[in-house]
Amino acid sequence: MTSKLRLTIAAALMAAFSTVALAQSFSALRGSTPLNEETTPPPLTPEMNTSVREPRSYPEQPPVIPHSIEGYEVSRRANKCLSCHARTRIQESQAPMISVTHFFDRDGQTLASVSPRRYFCTECHVPQHNVRPPVENDFVDIDTLLKVKGPDSGARR
Ligand code: HEC
Ligand code: HEC
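Residues numbered from 1 in each chain as written. Chains lettered and ligands numbered in written order. Predicted model: local features only at pLDDT ≥ 70, side-chain atom pairs only at ≥ 80, totals over all residues. Heavy atoms only, no water.

### Quick word on the coordination of the iron atom of ligand 1
With distances of 2.0 Å, the protein atoms coordinating the iron atom of ligand 1 are His67 (NE2) and His85 (NE2). Owing to a relative accessible area of 25%, His67 belongs among the partly exposed residues under this scheme. (Donors = N, O, S within 2.8 Å, 3.2 Å for Na, K, Ca; no water. Buried < 20%, exposed > 50% of the residue type's maximum accessible area, 1.4 Å probe, protein only.)

### Brief notes about the coordination of the iron atom of ligand 2
Around the iron atom of ligand 2, the donor atoms from the protein are His102 (NE2) and His125 (NE2), and they sit 2.0 Å away. If you look at the iron atom of ligand 2, its six donor atoms make angles of 88 to 179° with each other, and the shape they trace is octahedral. Remark: His125 occurs in the loop between helix H3 (90-93) and helix H4 (142-147) and His102 occurs in the loop between H3 and H4; sequence separation between them is 23 residues. (Tetrahedral: all angles 85-135°; square planar, octahedral: opposite > 155°, others 65-115°. Helix = DSSP H or I, 4+ residues; strand = E, 2+ residues; numbered from the N terminus.)

### Thoughts on unusual backbone geometry
For Ser51, which is not a glycine, the phi torsion comes out positive at approximately 65°. With respect to the secondary-structure elements, Ser51 resides in the loop between helix H1 (3-30) and helix H2 (82-85). The exposure class of Ser51 is exposed, given its relative accessible area of 57%. Phi at Gln94 takes a positive value of approximately 60°, unusual for a residue other than glycine. In this structure, Gln94 sits in the loop between H3 and H4. A relative accessible area of 65% places Gln94 in the exposed class.

### Digging into the site of ligand 2
Among the 23 residues in the neighbourhood of ligand 2, the closest are listed as Thr101, His102, Cys121, Cys124 and His125. Arg53 places a side-chain nitrogen or oxygen 3.5 Å from an oxygen atom of ligand 2. Side-chain polar atom of Thr101 to an oxygen atom of ligand 2: 2.4 Å apart, as the coordinates give it. Of the residues contributing to the shell around ligand 2, the split by class is 11 nonpolar, seven polar and five charged. (Near = heavy atom within 4 Å. Polar contact = N/O pair within 3.5 Å; in protein donor to acceptor, adjacent residues only side chain to side chain. Nonpolar A, V, L, I, M, F, W, Y, C, P; charged D, E, K, R; others polar.)

### Details of the side chain of Glu47
Counting through the fold element by element, Glu47 comes out in the loop between H1 and H2. Although Glu47 is buried, it forms no salt bridge, and the closest oppositely charged side chain is Lys80 at an N-O distance of 13 Å. A polar contact is formed between the side chain of Glu47 and the side chain of Ser68, at a distance of 3.1 Å. Of note is the side chain of Glu47, whose polar atom sits 3.4 Å from the backbone nitrogen of Glu70. (Lys, Arg positive; Asp, Glu negative; His and termini not counted. Salt bridge = Lys/Arg side-chain N within 4 Å of Asp/Glu carboxyl O.)

### Observations regarding the pattern of salt bridges
Evaluation of the coordinates by the stated rule reveals one salt bridge. With its nearest N and O atoms 3.2 Å apart, the salt bridge here joins Arg77 to Glu73. The exposure class assigned to Glu73 is partly exposed, which follows from its relative accessible area of 35%.

### Digging into the site of ligand 1
Near ligand 1, the surroundings consist of 20 residues, among which Arg53, His67, Cys81, Cys84 and His85 are the closest. Ser51 places a side-chain nitrogen or oxygen 2.9 Å from an oxygen atom of ligand 1. Take His67: an N or O atom from its side chain is 2.8 Å from a nitrogen atom of ligand 1.

### Let's talk about the environment of Leu111
Along the chain, the position of Leu111 falls in the loop between H3 and H4. Sequence separation between Leu111 and Thr101 is 10 residues, and the spatial gap between their C-alpha atoms is 9.9 Å. In contact with Leu111, other than residues within four places in its own chain, are Phe103, Asp105 and Pro116. (Contact = heavy atoms within 4.5 Å.)

Set out below in structure tokens:
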């Protein structure tokens, strides 16, 4: 078999597989609604409001928001989040302060107040809803991964 032919076959197989995968994920999300019709989305569930800080999956993860943010304005005129999370507000609010990275500009210079690139909090931080995820996720964090013994783990430890 020429390498060109092999490549063509590989590409055809990949296209076929991804079409199947796509069709499957659509059917999971759409239920039995045909592709040319719109589904009726299920009603939104209330935002979780436990006030218990959630674990982070890796050190650089923006923590998820453990309280409801319904009706909080974050716009050019006002930032409700900063009324609790700003450096000067945390004594009163007992909220965790925005960390030092929120003061860095894109050149790594530390500014006196929150950097414009960290102003719109919900670009990175999201509230949670108690729902069944439409797509399964089998992510494991690095600590769990390090505990799993691989075939050659004996040699390295
Ligand atoms: C009324 C005060 C208040 C406001 C307003 C507020 N927060 Fe909070 N936030 C808290 C407190 C207090 C906590 C600590 C956990 C708790 O008690 O809910 C917290 C926790 C968090 C955390 C979790 C931090 C961690 O380390 O796990 C994030 C992220 C967060 N808030 C983001 C936001 C964003 C984004 C907004 C605006 C949309 C906002 N908060 C508005 C008080 C506030
Ligand atoms: C561009 C993404 C981004 C934006 C925008 C952003 N954050 Fe964060 N935030 C992060 C990341 C990443 C972390 C975790 C690493 C760190 O602390 O820098 C974090 C951490 C935090 C923490 C936990 C701090 C700690 O010391 O545990 C709080 C609270 C928080 N952010 C609040 C906010 C608020 C309030 C805003 C809006 C004013 C905001 N963030 C905007 C990415 C962002």
